[in-house]
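Observations on the model geometry
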Amino acid sequence: QGFNALNPVRIHASEYEKQFNVSKDAAYKALKDAVLSLFERQFTFTELQDEKLKVVKSRWVSQIAYVEDR
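A brief report on the enclosed structure follows. Quick caveat, the model's predicted, so the values are computed rather than measured. Numbering of residues starts from 1 in each chain and follows the order in which that chain's sequence is written. In keeping with the predicted nature of the model, local features appear solely for residues at pLDDT of at least 70, side-chain atom pairs appear and are counted solely at 80 or more, and the whole-chain, interface and lining totals rest on all residues. The basis for every side-chain value is the complete set of heavy atoms in the structure, and neither hydrogens nor water enter the calculation.

**Thoughts on helix α2 (residues 24–40)**
Helix and strand labels come from DSSP, where a helix needs a run of H or I of at least four residues and a strand needs a run of E of at least two; each type is numbered from the N terminus. Expected span of a helix, by definition, is 1.5 Å for each gap between consecutive residues, and there is one gap fewer than residues. With 17 residues, α2 should cover 24 Å at 1.5 Å per step; its first-to-last C-alpha distance of 25 Å lies within 8% of that length. Think of it in three bands: residues with accessible area under 20% of the maximum for their type are buried, residues over 50% are exposed, and the middle band is partly exposed, with areas taken using a 1.4 Å probe on protein chains only. Those residues of α2 lying buried are Ala27, Tyr28, Leu31 and Val35. Buried residues along α2 cover an arc of 95° about the axis, so they all sit on one side. Of the exposed residues in α2, the ones pointing more than 90 degrees away from its buried face are Asp25, Lys29 and Glu40. Residue contacts are counted whenever heavy atoms from the two residues lie within 4.5 Å of one another. Lining the buried residues of α2 we find α1 (13–20). Directions drawn from the helix axis to the C-beta atoms are what define this arc.

Written as structure tokens, this is what we have:
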């Protein structure tokens, strides 16, 4: 289906738990670690601007959220 700013991706620990046959705590920890790691990821590209190379850095995601109860 794809995703964008208007259609965020949501993955619940209960879905992860069932899909990978792990405990709820293990599912929650895996998802939390993944979202924190993804939030830190970045990429770089260059653009030509006024005959000079401009370096642009961006992140794959702009926002993350999780419930801190585990």
